[in-house]
Amino acid sequence: MQLKHFIFFCCTLLCFSGALAQESITIKGQILSENGKPVELVNVIVTGRSTGTTSDSNGAFQLQVSPPYPISLQFSHLEFIPKEITIHPREPEQSNFIITLESRIREVKEVEVRVNAGDDQTARKITPDLSAKLPSPAGYAIEGLVRSQMGVSSNNELSTQYRVRGGNFDENLVYLNGFEVHRPQLVRSGQQEGLSIVNPDLVESVYFSSGGFGVSYGDKMSSVLDVRYKTPDSTAASANVNLLGMSAHAEGAIKGGQITWLTGFRHKTNRYLLGTLDTKGDYKPSFSDAQAFISYHINSRFSIDALGYYALNRYHFVPTDRETDFGTMSDVKRLKIYFAGQEKDQFKTGMGALKLNFSPSVKHQYQIQASHYRALEEEAFDIAGAYWLQEIAGLNEAESATNIGVGEYLQHARNDLLATVTSFSAKGEHKLNDNNSINWGLNFQIEDFKDRINEWELIDSAGYSIPRTPNLELSYSRNAEIEMQTRHFKSFVAHQSTLQPGWGRIRLNYGSRFIYSNREEKLHITPRFQITVLPYSTPNTRFRISGGWYYQPPFYKEYRPPKSGEVNSLYAQKSRQILGGLDHYFSIFERPFKFSTEVYYKHMFDLIPYQVDNVRIQYTGKNEARGYATGVDFKLHGEFVPGTESWATLSLLKTEEDLENDTWEKPGEPGYIPRPSDQRVNFSLFFQDYFPNNPTFKVHLSLFYGSGLPFGPPRSPRYMATYRMSPYRRVDIGFSKDLMPWLKRNTQQKIIKDFWIGLEIFNLFDISNTISYYWVSDVEDRQYAVPNYLTGRRINLSLNMAF
């Protein structure tokens, strides 16, 4: 009840902070469209003040204002061009104003017809500015918006990684200004992960494809996130401070826009969030990064882009104890653990990239680019734990606990990885005419890895060593020193064309990629195609189909041996995909909406099976499985509330795999079993609203539901991972208050252009979501999977300014 009172107090304070106690006059009017029809739900705001209202079904509005005069009224609606009028003191009280708004071109009116033929037809645009308003424990991250797109799932709010249509975290491409970027390889949990490489303060555009993407994108099997940074035309800056960290950015242009620059700095610590975990102790996470992007326009034909990035992520943890209750209402168990030791991890990553753009004419464009990525990852921990497994009877004061299992364990690791990726590429685009163009690209990439692995675990459960042997043995050990280099040669060629039969328009994008690596010594040819049909008979509906061959060469994690031993010879994982869908644009109550649906099927072979613990993916190191993924996705996107952008998505999925050489105690072999990413149902919602008479106060809600993922005992045969976790359920809510009207009313400054505060409540209903399990045994050798819960409810405050 205290939390409810606190929320009610904050809302009341924000809503009425701008209330005026002076004498006032009444202003009335009617808002009409260009054709003379009343316009409902137009936001009417007094410039520089918090006073405002909305028009009714007849387009009428009425509000009271107080001196000083003159005053300015702003009229805004998502379907119309904003308008501002000035009212002078000489105008009589209760004047009846007639306001006419001009319609703006809307996406619902076939904006997709005007998209360039060279654009990827499966990519969907995401509004990057919404990341600042999205309530998320991961911070202001573009990936937070990606999580709620069609076919995307995630069950860890501490991580920015995501799965797409049956794939895993390693199957997603990420491009930053045309350069492919990479993630650290040794991260075990969301607590260690740190910041995403994409800085939302610098972003201009975001496009995301859930599959069926064209040949201009690279060689992974699931998705593409394509991010472009801004090209500023004036000096600007912003700053954000909250309980989880801070960020700041600056941008500008010099020499008449010939040189543009962007720079950003971020720092984050999720110590405040980790305090809600069952495992208590001294958490000291620290994540920082700095980025810069500079463009130099030499002349109308030549320009140079330079991108620099450096991140330092540190994670220091000294655990003390843990207490977790689990089981059912009638059979409650409790796990108590007391710890000794600590964990110290450090991840240093950096990237430098350079691009030369050459445009000899409007019809011909070329790019030459080079990039270098370097990561130094160090993982070190020695943690001992003594645990008691108890059976709980009774409630509260009458509660009694009976020990049914005791044990100890010791975990050790000293892992170091140095990874470098150097890439050189050239690209070209040639427009043959208005309806035809050709794209091509060449790429040479060198991947170097130097890895030292030394980790082991000893478990003594119920007084016996696991595994059960007369002598004390390690339950798990892994030791290796690996040095490897891989060289890739890649190229692509694509043709884009627009056909115009009498009944509509057809957009085609087809081509092929060519992949060769020195480790596999085999040339792969992977054709892909995209077709979009826009019939004249249904101008607000478009139909599309895409597919092809998607091969994913091993990077490094796939080679890393699950046990001590040599690196195996691997070859590319392969997927053949087909996808069909439609987009339908329509209006409800004169508000625009877009309904999208896609159905897909993926046939996969030469797969490298894996298991997932938190965000750590452990591959078997062998191409020994075939599988499939099939499903259907739905998305409704539009103005659920006038003037705001919201959406809801529903995804249904089934993905399974069959290991070729697996055996078990029954006759035959296990056959198809669920893949670790087999999350059958996913629903997500991002919703925005505002107070009708105070549009400066807004509410932002994020909701996720995902059915249970498969899991099994640790380091067990793959076919045993057929149990299901509990569903992932989470609601985060945020409130924001625009302070610019208050600032303009009380100061004469013109430096600050945007100023707002935010209040966020993470995990509103305090649901205990499970990310993984800790396995223990009792005195009768029965095994129990003890859930490792994610974060609980937390409140975050933020202050945001733009200059």
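Quick caveat, the model's predicted, so the values are computed rather than measured. (Residues numbered from 1 in each chain as written. Predicted model: local features only at pLDDT ≥ 70, side-chain atom pairs only at ≥ 80, totals over all residues. Heavy atoms only, no water.)

A.B. asks: Help me out: how do you make sense of the overall build of the protein chain in this one?
C.D. replies: What the protein chain contains, in helices and strands, is five helices and 44 strands. The C-alpha radius of gyration computed for the protein chain amounts to 29 Å, which stays within 12% of the reference 28 Å derived for 803 residues, consistent with globular compactness. The 803 residues of the protein chain split such that 55% are buried. Here the contacts in the protein chain between residues at least 6 apart in sequence split such that 67% fall between residues at least 24 apart. When the accessible area of the protein chain is evaluated, it comes to approximately 35100 Å², of which 56% is carbon and sulfur surface. Charge-centre separation for the protein chain: the mean point of 85 positive side chains lies 4 Å from the mean point of 87 negative side chains. (Helix = DSSP H or I, 4+ residues; strand = E, 2+ residues; numbered from the N terminus. Rg over C-alpha atoms; globule rule 2.2 N^0.38 Å. Buried < 20%, exposed > 50% of the residue type's maximum accessible area, 1.4 Å probe, protein only. Contact = heavy atoms within 4.5 Å. Areas by Shrake-Rupley, 256 points an atom, 1.4 Å probe, with all protein chains shown as cover. Lys, Arg positive; Asp, Glu negative; His and termini not counted. Charge placed at Lys NZ, Arg CZ, Asp CG, Glu CD.)

A.B. asks: Would you mind going over the pairing of strand β17 (residues 259-268) with me for this structure?
C.D. replies: Consecutive side chains of a regular strand alternate in pointing toward one face of the sheet and then the other. Alignment of strand β16 (residues 245-254) against β17, held across 10 bridges, turns out to be antiparallel. Bridge pairing in β17 places Ile 254 opposite Ile 259. Linking two consecutive strands that pair antiparallel, namely β16 and β17, is a turn of four residues; a positive phi of about 55° is found at Lys 255 within it. Across 10 bridges, β17 lies against strand β18 (residues 279-297) in antiparallel orientation. Note on β18: the bridge partner recorded for Thr 260 is Ser 295. (Pairing = 2+ DSSP bridges.)

A.B. asks: How should I be thinking about the packing of aromatic side chains in this particular structure?
C.D. replies: Aromatic rings considered in pairs are described by the distance between their centres and by the relative angle of their planes. Inspection of every chain in the model, using the stated rule, returns 30 aromatic pairs. What links up through ring pairs into an aromatic cluster is the set Tyr 175, Phe 213, Tyr 217 and Tyr 550. Lys 355 extends its terminal NZ or CZ atom over the ring of Phe 179, reaching a point 5.2 Å from the ring centre. The lysine or arginine in question, Lys 574, covers the ring of Tyr 551, its NZ or CZ lying 5.5 Å from the ring centre. (Phe/Tyr/Trp six-rings, centres within 6.5 Å; stacked < 30°, edge-to-face > 60°. Lys NZ or Arg CZ within 6 Å of the ring centre and 35° of its normal.)

A.B. asks: How should the side chain of Thr 655 be read in this particular structure?
C.D. replies: Positionally, Thr 655 belongs in strand β34 (residues 646-659). Its relative accessible area of 0% is what places Thr 655 among the buried residues. Within the structure, Thr 655 has its side chain in polar contact with the backbone oxygen of Tyr 628 (distance 2.8 Å). (Polar contact = N/O pair within 3.5 Å; in protein donor to acceptor, adjacent residues only side chain to side chain.)

A.B. asks: Quick question: what am I supposed to make of the environment of Leu 799 here?
C.D. replies: Checked against the element boundaries, Leu 799 lands in strand β44 (residues 794-802). Sequence separation between Leu 799 and Leu 458 is 341 residues, and the spatial gap between their C-alpha atoms is 47 Å. The residues touching Leu 799, leaving out its near neighbours within four places in the chain, are Ala 239, Asn 240, Val 241, Phe 755, Trp 756 and Ile 757.

A.B. asks: Looking at this model, I keep getting lost on the pairing of β44. Mind explaining?
C.D. replies: Relative to β44, strand β15 (residues 236-242) runs antiparallel, the two sharing five bridges. Each residue of the ladder has a partner; that of Val 241, found in β44, is Leu 799. As judged from the nine bridges shared by strand β41 (residues 754-762) and β44, these two strands associate in the antiparallel manner. By the bridge assignment, Asp 754 is partnered in β44 with Ala 802.

A.B. asks: It is not clear to me how the nonpolar core should be interpreted in this structure. Could you clarify?
C.D. replies: Side chains of a nonpolar character, in soluble globular proteins, are inclined to be buried together. Ranked by internal contacts, the top residues of the largest apolar core, which has 54 residues, are Val 146, Tyr 162, Phe 208, Leu 225, Val 227 and Tyr 229. Contact partners of Tyr 162, with chain neighbours within four places excluded, come to Glu 143, Val 146, Val 152, Ser 153, Asn 168, Phe 169, Asn 172, Val 174, Phe 208, Ser 223 and Leu 225. Residues Ile 31, Val 42, Phe 61 and Ile 87 belong to the second largest nonpolar core, which totals 18 residues. (Core = buried A, V, L, I, M, F, W, Y, C linked by side-chain atoms within 4.5 Å.)

A.B. asks: Is there a simple way to explain the sheet that holds strand β13 (residues 203-209) in this structure?
C.D. replies: Neighbouring strands of a sheet are bound in pairs by backbone hydrogen bonds; such pairs are parallel or else antiparallel. Ordered in space as β8-β13-β14-β11-β12, the five strands form an open sheet in which the pairing is mixed. At either end of the open sheet lies a strand with only one pairing partner, and these are β8 (124-126) and β12 (179-180). Bridge count for strand β11 (residues 172-176) against strand β14 (residues 223-229) is five bridges, and the pairing is parallel. Residue pairing for β14: Asn 172 is matched across the bridge by Ser 223.

A.B. asks: Is there a simple way to explain unusual backbone geometry in this structure?
C.D. replies: It is generally the case that most residues other than glycine have a negative phi and that most peptide bonds are trans. One non-glycine residue, Glu 521, lies in the positive phi region at around 55°. By the secondary structure assignment, Glu 521 is in the loop between β26 (504-517) and β27 (524-535). Positive phi values are uncommon outside glycine, yet Asp 606 reaches one of about 55°. Following the sequence through the fold, Asp 606 ends up in strand β30 (residues 591-607).

A.B. asks: Honestly, the environment of Asp 321 in this entry has me stumped. Any pointers?
C.D. replies: Mapped onto the elements of the fold, Asp 321 is located in strand β19 (residues 302-328). Take Asp 321: its relative accessible area is 30%, and that puts it in the partly exposed class. Between the C-alpha atoms of Asp 321 and Ile 259, which are 62 residues apart in sequence, the distance is 55 Å. Not counting chain neighbours up to four residues away, the residues in contact with Asp 321 comprise Asp 278, Thr 279, Lys 280, Ile 337, Tyr 338 and Phe 339. Here Thr 320 takes part through its side chain, which lies 3.0 Å from a polar atom of the side chain of Asp 321.

A.B. asks: What is the right way to look at the confidence of the model for the protein chain in this model?
C.D. replies: When pLDDT drops low, the exact placement of atoms in the prediction is not to be read closely. Taken residue by residue, the protein chain gives an average pLDDT of 86. The fraction at 70 or more is 91%. The least confident element of the protein chain is helix α1 (residues 2-15), whose mean pLDDT is 45; the most confident is strand β10 (residues 163-164), at 96. Taken together, the stretch residues 105-118 has pLDDT below 50 and engages in 26 contacts with residues farther than four places along the chain or on a different chain. (pLDDT = per-residue confidence, 0-100.)

A.B. asks: Would you mind showing me how to read a nonpolar patch on the surface here?
C.D. replies: A contiguous nonpolar patch, built from Tyr 296, Ile 298, Phe 302, Leu 356 and Ile 368 and spanning about 400 Å² of accessible area, is present on the exposed surface. Of note, Phe 302 is situated in strand β19. The class for Phe 302 is partly exposed, based on a relative accessible area of 32%. (Patch = residues over 30% accessible without salt bridge, like charges linked within 9 Å, V, L, I, M, F, W, Y side chains within 5 Å. Salt bridge = Lys/Arg side-chain N within 4 Å of Asp/Glu carboxyl O.)

A.B. asks: Got a minute to help me understand the pattern of salt bridges in this structure?
C.D. replies: Side chains bearing opposite charge may pair, as long as their charged atoms lie close to each other. Within the structure shown, the criterion is met by 34 salt bridges. Measuring nitrogen to oxygen at the nearest pair gives 2.9 Å for the salt bridge that ties Glu 455 to Arg 188. Separated by 267 residues along the polypeptide, Glu 455 in strand β23 (residues 436-461) and Arg 188 in the loop between β12 and α3 (190-193) bring together distant segments of the chain. For Asp 583, the salt bridge goes to Arg 542, with nearest N and O atoms at 2.5 Å. Residue Asp 583 is found in strand β29 (residues 573-588), and its partner Arg 542 is found in strand β28 (residues 541-552); the two are separated by 41 residues along the sequence. In terms of burial, Asp 583 and Arg 542 fall into one category: buried.

A.B. asks: Can you walk me through the sheet that holds strand β2 (residues 43-46) in this structure?
C.D. replies: Pairing is antiparallel in the open sheet, where four strands are placed in the order β3-β2-β5-β6. Single-partner strands in this sheet number two, and they are β3 (52-54) and β6 (80-87). The average undirected angle you get between the axes of adjacent strands in this sheet is 15°. Relative to β3, β2 runs antiparallel, the two being bridged by three bridges. Bridge pairing in β3 links Ile 45 to Gly 52. (Axes fitted to C-alpha atoms, helices over the stretch in contact; angles between N-to-C directions.)

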